[in-house]
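An overview of the molecular structure
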Amino acid sequence: VQLQASGGGLVQAGGSLRLSCAASGRAFTTYRMGWFRQAPGKEREFVATVSWSGGSTYYADSVKGRFTISRDNAKNTVYLQMNSLKPEDTAVYYCASAPSGSSWPPATTNAYNYWGQGTQVTVSS
């Protein structure tokens, strides 16, 4: 699976962005998809994940109620809608795929076996 993330940018606090992650290669619908982020000097942290059908989602407490993960299997794409952005959301955001046989929710980096290249999100105060 090859993953290509896009949609990052510079936004003011309180604003919104939508990230996209386009997948190619092996069957997209066999994978759970997730978003992670990594700020400078910090470890990569879990943000959100979505099941293969899109019917189940799980979020980190820090983004719950502000971010929404979704997927369009017809387009082999997963999205992260980010609203009410805060300066502390500033990070490089990565999409990743996890096998459907993994335990739910896949909220750690080692649950994922393919990673995209990352897209920068900067939130100014």
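Below, the structure is looked at part by part. (Residues numbered from 1 in each chain as written. Predicted model: local features only at pLDDT ≥ 70, side-chain atom pairs only at ≥ 80, totals over all residues. Heavy atoms only, no water.)

1. Regarding the overall build of the protein
- Helices and strands together make up the secondary structure of the protein, namely zero helices and 11 strands.
- What you see in the protein, going N to C, is helices and strands ordered as β-β-β-β-β-β-β-β-β-β-β.
- Taken over C-alpha atoms, the radius of gyration comes to 13 Å for the protein, in line with the 14 Å a tight globule of 125 residues would show.
- Principal-axis analysis of the C-alpha atoms places the extent of the protein at approximately 40 × 25 × 25 Å.
- When the 125 residues of the protein are sorted by exposure, 43% land in the buried category.
- Residue pairs at least 24 apart in sequence account for 60% of intrachain contacts in the protein once pairs closer than 6 positions are excluded.
- As presented, the protein carries roughly 6100 Å² of accessible surface, and 47% of it is formed by carbon and sulfur atoms.
- Here the protein holds 11 positive side-chain charges and 6 negative ones, and the gap between their average locations is 7 Å. (Helix = DSSP H or I, 4+ residues; strand = E, 2+ residues; numbered from the N terminus. Rg over C-alpha atoms; globule rule 2.2 N^0.38 Å. Buried < 20%, exposed > 50% of the residue type's maximum accessible area, 1.4 Å probe, protein only. Contact = heavy atoms within 4.5 Å. Areas by Shrake-Rupley, 256 points an atom, 1.4 Å probe, with all protein chains shown as cover. Lys, Arg positive; Asp, Glu negative; His and termini not counted. Charge placed at Lys NZ, Arg CZ, Asp CG, Glu CD.)

2. Quick notes on the environment of Gln38
- Here Gln38 shows up in strand β4 (residues 31-38).
- C-alpha of Gln38 to C-alpha of Thr122: the two residues are 84 residues apart in sequence and 12 Å apart in space.
- Once residues lying within four places of it in the same chain are set aside, the contact partners of Gln38 are Glu43, Arg44, Ala91, Val92 and Tyr94.
- At 3.1 Å, the side chain of Gln38 and the backbone oxygen of Lys42 are in polar contact. (Polar contact = N/O pair within 3.5 Å; in protein donor to acceptor, adjacent residues only side chain to side chain.)

3. Description of the environment of Ser84
- Among the secondary structure elements, Ser84 is positioned in the loop between β8 (77-82) and β9 (91-99).
- Residues Ser84 and Gly118, spaced 34 residues apart in sequence, show a C-alpha to C-alpha distance of 21 Å.

4. A look at the pairing of strand β5 (residues 45-50)
- The element β5 is extensively covered by neighbouring structure, given that five of its six residues are classed as buried.
- Where β5 lies against strand β6 (residues 57-59), three bridges are found, and the strand directions are antiparallel. Each bridged residue has a counterpart across the sheet, and for Thr49 the counterpart in β6 is Tyr58.
- In sequence, β5 turns back onto β6 through a hairpin of six residues, with Gly54 there showing a positive phi of about 90 degrees. (Pairing = 2+ DSSP bridges.)

5. Topic: the state of the cysteines
- Per the stated rule, a full pass over the model turns up one disulfide.
- With a sulfur-sulfur separation of 2.1 Å, Cys21 is cross-linked through a disulfide to Cys95. Handedness here is read from the sign of the S-S torsion; for Cys21 and Cys95, about 60 degrees, the answer is right-handed. Of this pair, Cys21 sits in strand β3 (residues 17-24) while Cys95 sits in strand β9; the two residues are 74 residues apart in sequence, bridging distant segments of the chain. Take Cys21 and Cys95: they sit in the same class, and that class is buried. (Disulfide = S-S within 2.5 Å.)

6. Considerations on the side chain of Ser20
- Checked against the element boundaries, Ser20 lands in strand β3.
- Among the residues examined, Ser20 registers a relative accessible area of 17% and is labelled buried.
- Apart from the residues within four sequence positions on either side, Ser20 is in contact with Gln4, Ala5, Ser6, Trp35, Thr77, Val78 and Tyr79.

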